[in-house]
Amino acid sequence: MTGNLMSWKEIQEKYPDKWVALTETEKEGSRILAAIPIKVCDESEMYDAELELKAAGIQFTWRRTTELEGANILCELATKD
C-alpha cells in the first residue's frame, strides 16, 4: 500500500481500530500531525507486514488509530508514585 500525506485525524477516521505503518511523519513532540500510511493491519497481521516493510528497506513508525482500552489508566497508575 502506498498512500498520500494525510492528517492524523484523517488517518484515524479512515482506519479505525487499526495499526498503521507511517512514513514521512510530521510530528509535534511525540504527537503525530500528519503522515503517509503505507500499511494498515490488525494485530495478527503486524509481524508479516513489518517483515515486508523491513525487507523493502522502508523506515516506518507503527501507531494505533484508537487507543487500547485501559492504556491511559495503566500509564496514569505507573506515574503516580
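Coordinates for the structure precede this section.
Criteria and cut-off values
- Residues numbered from 1 in each chain as written.
- Predicted model: local features only at pLDDT ≥ 70, side-chain atom pairs only at ≥ 80, totals over all residues.
- Heavy atoms only, no water.
- Helix = DSSP H or I, 4+ residues; strand = E, 2+ residues; numbered from the N terminus.
- Buried < 20%, exposed > 50% of the residue type's maximum accessible area, 1.4 Å probe, protein only.
- Pairing = 2+ DSSP bridges.

A. Just unusual backbone geometry, in detail. If you check the backbone angles, D17 has positive phi at about 55 degrees while not being a glycine. Along the chain, D17 falls in the loop between α1 (8–14) and β2 (19–28).

B. Here's a closer look at the pairing of strand β4 (residues 61–64). Burial along β4 is one-sided: the residues W62 and R64 are buried and none of T61 and R63 is. Two strands pair when backbone bridges link them, and β2 and β4 are joined in this way by 4 bridges, in the antiparallel orientation. In the sheet register, W19 faces β4, and the bridge partner there is R64.

C. Broad picture of the sheet that holds strand β3 (residues 31–41). Within the open sheet, the 4 strands sit side by side as β1-β3-β2-β4. Their pairing is antiparallel. The open sheet is flanked by β1 (6–7) and β4, the only strands paired with a single partner. Two elements, β2 and β3, share 8 bridges in a ladder whose sense is antiparallel. In the sheet register, K27 faces β3, and the bridge partner there is I32.

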